[in-house]
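Summary of the model geometry
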Amino acid sequence: MSRRPPPSPRSPSQRASPNEPPLRRGTRLVHSGRSDMESPRPVNVPVVRTSTVLFSSTAQMAAVHAARAEGQRTFSYGRRGTQTAHALEDALTELEGGARTALFPSGLAAIANVFQAYLRPGDHVLIADSVYGPVRRVVSGFVTPFGIQHDYFSPGTENLTDMIRPNTRLIYGEAPGSLTYEMMDLPRIASIARAHDIRIAMDNTWGSGWLYNPLRLGADISILAATKYIVGHSDSMMGAVVTTADAWQPLADTISVTGQLASPDDAYLALRGLRTLGVRLAAHQRHATELSAWLQARPEIRQVIYPALPSHPGHALWQRDFHGACGLLTIELQPSLANFVADFIDALRLFGLGASWGGYESLVYPINLSSVRSVDDWSGRGPLIRLHVGLEDPEDLIDDLHQAFEMLASLQS
Ligand SMILES: *Cc1c(COP(=O)(O)O)cnc(C)c1O
């Protein structure tokens, strides 16, 4: 059988006819950010490491610098990103449905640069109460010292309009929220924000661009701690900010001041992780759902907090706005077990004890909300423990939880 010679370069962005239907999400996840290479070529965009970029003539250098001055992305200096980072940016831009993407050395760096980019002294920012805890350090270390006002709002609040001031410039949210997974009605908040000319930034680490697309629901800025599911293998740190065309310039200006970049090696790992994001998240959801059902039936458990459960207060919003769920859930133990949290965690063998999540492995982490909530009252609850349900066989994870609960029972008797 003869092989038809492929058109050159063969790339999914070069459709045979403009009338062809757009490619589906799973296909785009595999092919995005790979189209610039000439064939014959490797499957993956290689790691391109450089500081200096060499030009063939002063005229070529002047042309590149002119394009850069116009705001185009250029291969002009290592700090501006090499082909590896540019490929990851393109893939994340497509995943989130945005216009441009900037990479950062961590998720927190991405968050801090968003606050710096979109707020000036005298401005006011509204922040969801359930945001990632270290955002409160950005508030105490940057927002307040630089003369920017802030208020926290309950993510389920009905009266956000009442909290808007004439100088409110940014609404900063996260859906579902960190640790307790509160939903936000983003389309509704976006309609309020638009009426007041306020931008919305959403931390989309939980959804990772695959489960949730804030930019398609009215947000202007989507932040990803790619460290989690996008890298997906617990071996690299990475942050990204994807914006609409309208919101891009303030971020571009801030990056050019703060000199942010992600290393080509880390960009390579994130891009490799991205290719399997869809299948990994589907497996994480399946396993987390299986564990949730088992955990809910345990007498030690007061509540399993997981948006895919019909008992979750934000379940209807999750069904409306999300493509699925990940492997992150929180269990509330019975209040009578408050003194046994450390014993329970130490008894687990398959759940690693450590911060972060989004890798292939299961993790456990004790939660203390006292310093990371200032609006919603979580006092009077049982102890909270976060589980990241990994890709191990869920039956083994259930056996592990079972033996830890049995050990608790023996301690109490
Ligand atoms: C982990 C995390 C971050 C920070 O990412 P790092 O890469 O660890 O700095 C930000 N937001 C959320 C929701 C996170 O879970």
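Preceding this section is the structure that the text describes.
Residues numbered from 1 in each chain as written. Predicted model: local features only at pLDDT ≥ 70, side-chain atom pairs only at ≥ 80, totals over all residues. Heavy atoms only, no water.

1. Comments concerning the sheet that holds strand E3 (residues 149-153)
Pairing is mixed in the open sheet, where 7 strands are placed in the order E1-E7-E6-E5-E4-E2-E3. If you trace the sheet from one side to the other, it starts and ends with strand E1 (100-104) and E3, each paired once. Each strand of the sheet is rotated relative to its neighbour by a mean of 20 degrees, with strand direction disregarded. One ladder, built from 5 bridges, connects strand E2 (residues 124-128) with E3; its direction is parallel. If you follow alanine 128 over to E3, its bridge partner there is phenylalanine 153. (Pairing = 2+ DSSP bridges. Helix = DSSP H or I, 4+ residues; strand = E, 2+ residues; numbered from the N terminus. Axes fitted to C-alpha atoms, helices over the stretch in contact; angles between N-to-C directions.)

2. Comments concerning the sheet that holds strand E11 (residues 363-367)
Taken in spatial order, the 5 strands make up an open sheet running E8-E9-E12-E11-E10, and their pairing is mixed. The sheet terminates laterally at strand E8 (301-305) and strand E10 (352-353), the two strands that pair on one side only. Sheet topology note: the strand E9 (residues 328-333)/strand E12 (residues 384-388) ladder contains 5 bridges and is antiparallel. Paired with glutamate 332 across the strands is leucine 384, a residue of E12.

3. Notes on the packing of aromatic side chains
For the structure on display, the rule yields 7 aromatic pairs. Through a chain of ring-to-ring contacts, the aromatic side chains of Trp206, Tyr212 and Phe322 assemble into a single cluster. A cation over a ring is seen here: arginine 25 above tryptophan 210, with NZ or CZ 3.9 Å from the ring centre. For arginine 136, the ring lying beneath its charged end belongs to tyrosine 152, and the centroid distance is 4.1 Å. (Phe/Tyr/Trp six-rings, centres within 6.5 Å; stacked < 30°, edge-to-face > 60°. Lys NZ or Arg CZ within 6 Å of the ring centre and 35° of its normal.)

4. A look at the layout of surface pockets
In this structure, the largest pocket spans a volume of roughly 680 Å³. Secondary structure elements with two or more residues in the lining of the largest pocket: helix H4 (107-118), strand E6 (221-225) and E11. Residues that form the lining of the largest pocket fall into these classes: 20 nonpolar, 9 polar and 5 charged. Counted as a void, the second largest pocket has a volume near 520 Å³. Contributions of two or more residues to the lining of the second largest pocket are made by helix H2 (58-69), helix H3 (83-96), E1 and helix H8 (248-258). Ranked by residues supplied to the lining of the second largest pocket, first place goes to H8 with 6 residues. Within the lining of the second largest pocket, the residues separate by chemical class into 9 nonpolar, 9 polar and 7 charged. (1 Å grid on protein atoms, 1.4 Å probe; cavity = no way out; pocket = protein on both sides within 12 Å on 5 of 7 lines; lining within 4 Å. Points joined across faces, edges and corners; volume = space filled by probe spheres on them. Nonpolar A, V, L, I, M, F, W, Y, C, P; charged D, E, K, R; others polar.)

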